[in-house]
Amino acid sequence: ITADNMFMGGGQFYLGAVNSSTDDTWRMYGYSAGKFILESRESGTWTERFNIGTSGNATFAGTQVNIDGGGDGVNLKLMSYGFIGCTKAWHGAHIGFNSMVTTATNTTWEVANTHSTCGYADMRLLGYDQGIWFRAKDGSVTGGADITGTSDVVLQLKPTKEAIFAGTITGKTNASNT
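Given the structure is predicted, the values throughout are model-derived calculations rather than measurements.

1. Concerning the sheet that holds strand β14 (residues 131–137)
- The seven strands are arranged β8-β9-β10-β13-β14-β15-β16 in an open sheet whose pairing can be described as antiparallel. The open sheet terminates on both sides in strands that have one partner only, identified here as β8 (74–78) and β16 (163–165). Going from strand to strand, the sheet's axes swing by 10° on average, the running direction of each strand aside.
- Here strand β9 (residues 82–86) runs beside strand β10 (residues 93–97); their pairing, made up of five bridges, is antiparallel. Its bridge partner lying in β10, I84 is registered against I95.

In structure tokens:
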């Protein structure tokens with residue numbers, strides 16, 4: 001089957017060409033071992049760029065994965081409660097447990113999941129005059145709750161080399177924390 005820069009042959013689907021020997025094209029296919037493969041052809045050689053194995057694991061061939069939210073913030077969800085994200089404005093990076101970037105806003109964060117005991121914890125890397133913020137809350141939290149300006153700050157490390165602690169600082173004298 002051939003039409004409009006597409007070609008299908010031998011169980012493989014080609015994009016950008018009407019044959020399998022044109023450079024700067026892509027092909028995708030599955031094979032009997034259960035893998036789905038996406039390859040590109042450059043200088044006469046097909047190179048695997050992405051595959052999904054039978055276990056569901058995805059493998060990228062590059063050294064960087066770019067996720068662009070099209071002007072919104074983005075989140076990469078890890079299991080149910082882990083998040084890595086970036087805000088729309090400031091491009092503030094975020095690593096969180098049960099907290100994530102609110103994607104439809106400029107620079108806000110929210111609780112990811114309603115839970116009666118787990119709370120949330122996160123680290124926000126904001127730059128400018130903000131530095132790195134560590135926030136944490138235990139107990140009950142409600143999914144979707146705005147946690148941008150909460151009083152749950154545990155530590156702020158400012159670019160001026162100032163460290164601002166909240167709460168009690170406890171020193172321990174030995175490895176058993178006594």
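Once you've had a look at it, read on.
2. Describing the nonpolar core
- Within the largest apolar cluster, nine residues are counted, these being V101, W109, V111, Y120, L126, W133, V141, I147 and V153.
- Counting only elements with at least two residues in this core, the list comes to β12 (109–111) and β13 (120–127).
- Among residues more than four places away in sequence, those in contact with I147 are S99, W109, E110, V111, Y120, D122, R124 and R135.

3. Quick notes on the pairing of strand β6 (residues 45–52)
- By the bridge criterion, seven bridges tie strand β5 (residues 36–42) to β6 in an arrangement that is antiparallel. Bridge pairing in β6 links R41 to W46.
- Remark: two residues form the turn of the hairpin made by β5 and β6, two consecutive strands paired antiparallel; S43 in that turn has positive phi of roughly 50°.
- As defined by bridge partners, β6 adjoins strand β7 (residues 58–60) across three bridges and the pair is classed as antiparallel.

Conventions we followed
- Residues numbered from 1 in each chain as written.
- Predicted model: local features only at pLDDT ≥ 70, side-chain atom pairs only at ≥ 80, totals over all residues.
- Heavy atoms only, no water.
- Pairing = 2+ DSSP bridges.
- Helix = DSSP H or I, 4+ residues; strand = E, 2+ residues; numbered from the N terminus.
- Axes fitted to C-alpha atoms, helices over the stretch in contact; angles between N-to-C directions.
- Core = buried A, V, L, I, M, F, W, Y, C linked by side-chain atoms within 4.5 Å.
- Buried < 20%, exposed > 50% of the residue type's maximum accessible area, 1.4 Å probe, protein only.
- Contact = heavy atoms within 4.5 Å.

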